[in-house]
Amino acid sequence: QVQLVESGGGLVQAGGSLRLSCAASGRTFSSSGMGWFRRGPGKEREFVAAISRFGYTSRYSDSVKGRFTISRDNAKNTVYLQMNSLKPEDTAVYYCAQARQASAAITTTEYDYWGRGTQVTVSS
């Protein structure tokens with residue numbers, strides 16, 4: 001089974017930046033789309049960003065577009081989420097996920113593997 005481990009979360013002030021990393025095990029990473037989702041307090045898990053197999057296509061939720069950037073390094077089996085201009089409403093547990101196919105999927109049902117999450121807290 002694929003194992004995903006997120007890192008890089010923490011406490012930052014509004015307007016600050018943070019970069020999350022997701023390290024994946026196995027040899028299937030380079031053939032799969034990858035995504036980031038988040039779950040805020042008392043909320044359901046929501047889509048944040050996704051990237052296709054080779055990184056040619058990226059998709060973002062409207063709430064993070066222009067502030068967050070997803071990228072990947074297939075040689076390192078790692079996907080990143082660069083978060084800039086952070087807002088208190090970005091506070092959530094952020095989850096890395098590996099998709100069933102190669103595209104940049106935006107729905108949770110298209111992902112087979114999930115990390116355990118990393119906490120991001122943005123203070124005002």
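Residues numbered from 1 in each chain as written. Predicted model: local features only at pLDDT ≥ 70, side-chain atom pairs only at ≥ 80, totals over all residues. Heavy atoms only, no water.

K.L.:
Account for the side chain of Glu6, naming residues and giving values.
P.N.:
Among the structural elements, Glu6 can be located in strand β1 (residues 4-7). Within polar-contact distance, the side chain of Glu6 engages the backbone nitrogen of Arg116 at 3.2 Å. Polar side-chain contacts of Glu6 include one of 2.9 Å to the backbone nitrogen of Gly117. Not counting the four nearest positions on each side in its chain, Glu6 is found in contact with Ser21, Cys22, Trp36, Tyr94, Tyr95, Cys96, Gly115, Arg116, Gly117 and Thr118. (Helix = DSSP H or I, 4+ residues; strand = E, 2+ residues; numbered from the N terminus. Polar contact = N/O pair within 3.5 Å; in protein donor to acceptor, adjacent residues only side chain to side chain. Contact = heavy atoms within 4.5 Å.)

K.L.:
Run through the pairing of strand β9 (residues 92-99), naming residues and quoting values.
P.N.:
Counting buried residues along β9, eight of its eight residues qualify, which places the element largely inside the surrounding structure. Pairing between strand β4 (residues 34-39) and β9: six bridges, direction antiparallel. When the bridges of β9 are listed, Arg39 appears paired with Val93. As defined by bridge partners, β9 adjoins strand β11 (residues 118-123) across three bridges and the pair is classed as antiparallel. Bridge assignment links Val93 to a residue of β11, and that residue is Gln119. Inspection of the sheet shows β9 paired to strand β10 (residues 111-114) by three bridges, in the antiparallel sense. Along β10, the bridge assignment pairs Ala97 with Trp114. (Buried < 20%, exposed > 50% of the residue type's maximum accessible area, 1.4 Å probe, protein only. Pairing = 2+ DSSP bridges.)

Worth remembering: the numbers are spatial, not functional.
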